[in-house]
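# Structural characterization, general
The chain contents come next:
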Amino acid sequence: MEKAIKRYMPIFVLPTFCAFIIGFIVPFIMGIWLSFCKFTTVTDAKFVGFSNYVEALKDAMFRHSFWMTVLFAVVSLLVINVIAFLLAMALTQKMRGTNIFRTIFFMPNLIGGIVLGYIWQLIFNGILANYNTALNLNQWYGFWGLIILVSWQQIGYMMIIYIAGLQAIPGDVMEAAQIDGATAWQRLWKVTVPMMMPSITICMFLSITNGFKLFDQNLSLTAGEPSKLSELMALNIFNTFYGRTGWEGVGQAKAVIFFFIVVGIGLVQLRATRSKEVQQ
């Protein structure tokens, strides 16, 4: 049976491989090429060297969106993972209704980001109207609004990963620590957290990459207002490419820079994961 699978495997892999080449590799290579060109459509591209990258790095709003994205990724990382871990700890205790609570906390992850953005925009503006202001009048209102929205959406997903990690910890290890006189705090930091590192690493990586790639919630909640100050990187790239005539090449250059930032984060994550596996 295994020989037959290996023999016919190329036949089954070929359609997916061709789709991957057509849908990802070819556009990716074209995108890198276009980042070195001035164009309005792919048929009139003219090579201009690194000028698009120079303009991208000189763009003050792009630099601002980068630092806003970094701040957003760090804050959302802390908020999402701390609350998700605490919820996972609570919902792995022996109590009634844990499955119902797990389902309730996970459900926001099933709602699309655009829909969530408009729903939370109505909620925030309804609250802020009592103070004669609005979400799009202050960049920090938009920033913390995005933190609340994304945390509400992603906490349940991270919670499920943490629950799986907690349930994988052998019960006899915890019992042995308790018999040795370890307090609840000591068991948490000396036993639970070290044995949860694979789950923690995965959740941290997902939180950081999701923070850097955030687009639809940013578009629907604040649209970058006021004056593009609440723009994150993905929305800034979108607005540059589609909203500024003659800046298509610069927008493409920003997209390439953005790609390498996300890849760099992935490589750091991979190296950290492998180093932990070696230590274990």
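Here we summarise the structure given alongside this text. (Residues numbered from 1 in each chain as written. Predicted model: local features only at pLDDT ≥ 70, side-chain atom pairs only at ≥ 80, totals over all residues. Heavy atoms only, no water.)

A few words on the overall build of the protein chain. Tallying secondary structure elements over the protein chain gives 12 helices and two strands in all. For the protein chain, the α and β elements follow one another from N to C terminus as α-β-β-α-α-α-α-α-α-α-α-α-α-α. Dimensions of the protein chain, computed from the C-alpha atoms along their principal axes, are close to 75 × 70 × 30 Å. Within the protein chain, the proportion of its 280 residues that are buried is 38%. Across the protein chain, the fraction of contacts at a sequence separation of at least 24, relative to all contacts at a separation of at least 6, is 70%. (Helix = DSSP H or I, 4+ residues; strand = E, 2+ residues; numbered from the N terminus. Buried < 20%, exposed > 50% of the residue type's maximum accessible area, 1.4 Å probe, protein only. Contact = heavy atoms within 4.5 Å.)

Moving on to unusual backbone geometry. Between glutamate 225 and proline 226 the backbone carries a cis peptide bond, its omega angle lying at 0°. With respect to the secondary-structure elements, proline 226 resides in the loop between α10 (216–221) and α11 (233–243). At alanine 223, a residue that is not glycine, the phi angle is positive and equals roughly 55°. For lysine 228, which is not a glycine, the phi torsion comes out positive at approximately 65°. Tracing the backbone through its elements, the reader meets lysine 228 in the loop between α10 and α11. Assessed through its relative accessible area of 33%, lysine 228 is described here as partly exposed.

In this section: the nonpolar core. The biggest cluster of nonpolar side chains holds 35 residues, and the ones touching the most others in it are Phe72, Met158, Met159, Tyr162, Met196 and Leu221. For this core, the secondary-structure elements that each account for two or more residues are α3 (60–91), α5 (113–128), α6 (139–167), α8 (184–195) and α9 (197–213). No other element matches α6, which puts 12 residues into this core. Ignoring any residue separated from it by four or fewer positions in sequence, one finds tyrosine 162 in contact with Asn81, Ala84, Phe85, Ala88, Met196, Ser199, Ile200 and Cys203. One finds Ala56, Ala253, Ile257 and Phe258 within the second-largest nonpolar core, a separate group that totals 12 residues. (Core = buried A, V, L, I, M, F, W, Y, C linked by side-chain atoms within 4.5 Å.)

Given two aromatic rings, their pairing is described by the distance between the two centres and the angle made by the two planes. Under the defined criterion, the tally for this structure stands at 22 aromatic pairs. Ring-pair connections join several aromatic residues into one group, and the members of that group are Phe20, Phe24, Phe28, Phe259 and Phe260. (Phe/Tyr/Trp six-rings, centres within 6.5 Å; stacked < 30°, edge-to-face > 60°.)

Let's shift gears to the side chain of glutamine 217. The residue glutamine 217 is located in helix α10 in this model. For glutamine 217, a relative accessible area of 5% puts it in the buried group. Dropping the residues within four chain positions of it, glutamine 217 is found in contact with Gly113, Leu146, Leu149, Gln153 and Thr222.

Judged by side-chain polarity, Ile111, Val115, Ile119, Ile123, Ile127, Tyr131 and Trp152 come together as a nonpolar surface patch covering roughly 650 Å² of accessible area. When residues of the nonpolar patch are assigned to their parent elements, the largest contribution, four residues, is made by α5. Along the chain, the position of isoleucine 127 falls in helix α5. (Patch = residues over 30% accessible without salt bridge, like charges linked within 9 Å, V, L, I, M, F, W, Y side chains within 5 Å. Areas by Shrake-Rupley, 256 points an atom, 1.4 Å probe, with all protein chains shown as cover. Salt bridge = Lys/Arg side-chain N within 4 Å of Asp/Glu carboxyl O.)

What follows covers the environment of glutamine 93. Counting through the fold element by element, glutamine 93 comes out in the loop between α3 and α4 (98–106). Note: C-alpha distance between glutamine 93 and phenylalanine 17 (76 residues apart in sequence) is 45 Å. Reaching out from glutamine 93, the side chain makes a polar contact with the backbone oxygen of methionine 89 at a distance of 2.9 Å. (Polar contact = N/O pair within 3.5 Å; in protein donor to acceptor, adjacent residues only side chain to side chain.)

Time to look at the side chain of serine 76. With respect to the element layout, serine 76 can be found in helix α3. Judged by relative accessible area, which is 2%, serine 76 ranks as buried. Side-chain polar atoms of serine 76 contact the backbone oxygen of alanine 73, separated by 3.1 Å. Those residues in contact with serine 76 that sit more than four places away from it in its chain are Asn81, Ile147 and Ser207.

To continue, consider the environment of isoleucine 104. Counting through the fold element by element, isoleucine 104 comes out in helix α4. Isoleucine 104 sits in the partly exposed class, given a relative accessible area of 47%. With 72 residues separating them along the chain, isoleucine 104 and isoleucine 32 place their C-alpha atoms 43 Å apart.

This paragraph deals with the pattern of salt bridges. Applying the stated rule across the entire model yields three salt bridges. A salt bridge links arginine 244 to aspartate 59, with the shortest nitrogen-to-oxygen separation between them at 3.3 Å. Residue arginine 244 is found in the loop between α11 and α12 (248–279), and its partner aspartate 59 is found in the loop between α2 (51–58) and α3; the two are separated by 185 residues along the sequence. Between lysine 254 and aspartate 59 there is a salt bridge; the shortest N-O distance is 2.7 Å. Here lysine 254 is found in helix α12, whereas its partner aspartate 59 is found in the loop between α2 and α3, with 195 residues between them in sequence. Residue classification places lysine 254 among the buried residues on the basis of a relative accessible area of 0%. Residues joined in a network through salt bridges with shared partners are Asp59, Arg244 and Lys254.

The values reported here are purely geometric and, on their own, carry no functional implication.
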